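Letter by letter, the chains look like this.
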Amino acid sequence: AALPTLATAQAGAPAAAFKSGSDYLTLDKPAPTEAPPGSVEVVEFFWYNCPHCNAFEPMFEAWVKKQPKDVSIRRAPVAFRPDFEPQQRLYFVLEGLGKVDELHAKVFNAIHVQKQQLNTVEQISAWAEKQGIPKAKFMELYNSFTVSTKVRKATQLQDAYALDGVPALGIAGRYFTSGTQAKTLERSLQVADALIAQSRIKAK
């Protein structure tokens, strides 16, 4: 499928410029959040094998760097099928080792540029070992209760947001947008900006 074209809407447009039901969805029941009080949470839902997620990653990373301190950002790897779980666990192992900044983009690169297969624990642990993570340490975390709990919560969160595709953004446990919903990947970030501002106003 062709990637969405660049947005024409102006960045920083107020939420009134975007409509619930077309540019974003308002959840019937709020999703759980982990943001500290006074912060607005943004969740990026992704799947490493998804070409649109690969295209979105540098846009999202640049957007993250511009966010003020009251925006709390986290990533949630999705599992639409059981065979997605090894890559969910990979992300949470990287998170547990403090290596997301170093290796998250490299996973996308390995899959989409180098055309490596990273679908099974054997393939993933071999790749991780080449990145300097000892296999025993990787497998210990991969199979840990902590990672298992995070995988379960991430899957529950995607269900709470009624996710039907990625990449997608959850905002403040109340709103959902995506490249499909907002018409383009870049415009989804503009919608997120507007919804963050709207969530701040509602919190006051």
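For the structure itself, consult the block above.
Residues numbered from 1 in each chain as written. Predicted model: local features only at pLDDT ≥ 70, side-chain atom pairs only at ≥ 80, totals over all residues. Heavy atoms only, no water.

A. Seen up close, unusual backbone geometry. Valine 166 connects to proline 167 through a cis peptide bond whose omega is 0°. Of note, the phi angle at lysine 115 is positive, near 60°, even though the residue is not glycine. Looking at where lysine 115 falls in the secondary structure, it is placed in the loop between helix H3 (100-112) and helix H4 (121-130). One non-glycine residue, lysine 183, lies in positive phi territory at about 85°. Mapped onto the elements of the fold, lysine 183 is located in the loop between strand S5 (175-178) and helix H7 (185-203). (Helix = DSSP H or I, 4+ residues; strand = E, 2+ residues; numbered from the N terminus.)

B. Quick look at the sheet that holds strand S4 (residues 168-171). Taken in spatial order, the 5 strands make up an open sheet running S1-S5-S4-S2-S3, and their pairing is mixed. Each edge of the open sheet carries a strand with a single partner, namely strand S1 (25-26) and strand S3 (71-77). Judged from the 4 bridges that link them, strand S2 (residues 40-46) and S4 form a sheet pairing that is antiparallel. Following the sheet pairing, glutamate 44 is matched in S4 by leucine 169. Relative to the sheet, helix H1 (residues 51-65) contacts S2, S3 and S4, its axis offset from that of S3 by approximately 165°. (Pairing = 2+ DSSP bridges. Contact = heavy atoms within 4.5 Å. Axes fitted to C-alpha atoms, helices over the stretch in contact; angles between N-to-C directions.)

C. Examining the layout of surface pockets more closely. In this structure, the largest pocket encloses a volume near 490 Å³. Considering the residues around the largest pocket, the lining is formed by 21 residues, among which Glu34, Arg74, Arg75, Phe92 and Glu95 are closest to the centre. At the level of secondary structure, the elements contributing two or more residues to the lining of the largest pocket comprise H1, S3, helix H2 (85-96), H3 and helix H6 (145-160). Each residue belonging to the lining of the largest pocket can be placed in one class, and the counts come to 10 nonpolar, 3 polar and 8 charged. (1 Å grid on protein atoms, 1.4 Å probe; cavity = no way out; pocket = protein on both sides within 12 Å on 5 of 7 lines; lining within 4 Å. Points joined across faces, edges and corners; volume = space filled by probe spheres on them. Nonpolar A, V, L, I, M, F, W, Y, C, P; charged D, E, K, R; others polar.)

D. Main features of the nonpolar core. With 39 residues, the main nonpolar core has Phe45, Tyr48, Leu94, Val107, Phe138, Tyr161 and Leu163 as its most contacted residues. Every element with two or more residues in this core is listed here: S2, H2, H3, H4, helix H5 (135-142) and H6. Ranked by residue count, the leading element in this core is H3, at 6 residues. For phenylalanine 138, the residues in contact, after removing those within four places along its chain, are Leu90, Val93, Ile124, Ser125, Ala128 and Ile133. Grouped together as the second largest cluster of nonpolar side chains are 19 residues, Phe18, Tyr24, Ile171 and Leu195 included. (Core = buried A, V, L, I, M, F, W, Y, C linked by side-chain atoms within 4.5 Å. Buried < 20%, exposed > 50% of the residue type's maximum accessible area, 1.4 Å probe, protein only.)

E. Broad picture of the environment of arginine 174. Relative to the helices and strands, arginine 174 resides in the loop between S4 and S5. Separated by 139 residues in the primary sequence, arginine 174 and alanine 35 place their C-alpha atoms 13 Å from one another. Excluding residues that lie within four positions of it along the chain, arginine 174 makes contacts with Leu25, Thr26, Leu27, Tyr161 and Lys202.

F. Just the packing of H2 against H5, in detail. As a packed pair, H2 and H5 sit with axes 9 Å apart at the nearest point and diverge in direction by 110°. Between H2 and H5, the crossing angle belongs to the class labelled roughly perpendicular. Between H2 and H5 the crossing geometry is right-handed. When H2 is examined against H5, the residues Pro86, Arg89, Leu90, Val93 and Gly96 are found in contact with a partner set consisting of Phe138, Leu141 and Tyr142. Taken together, the residues of the contact of H2 with H5 break down into 6 nonpolar, 1 polar and 1 charged. (Parallel < 35°, antiparallel > 145°, perpendicular 65-115°, else oblique. Left-handed = near helix turned anticlockwise from the far one by under 90°.)

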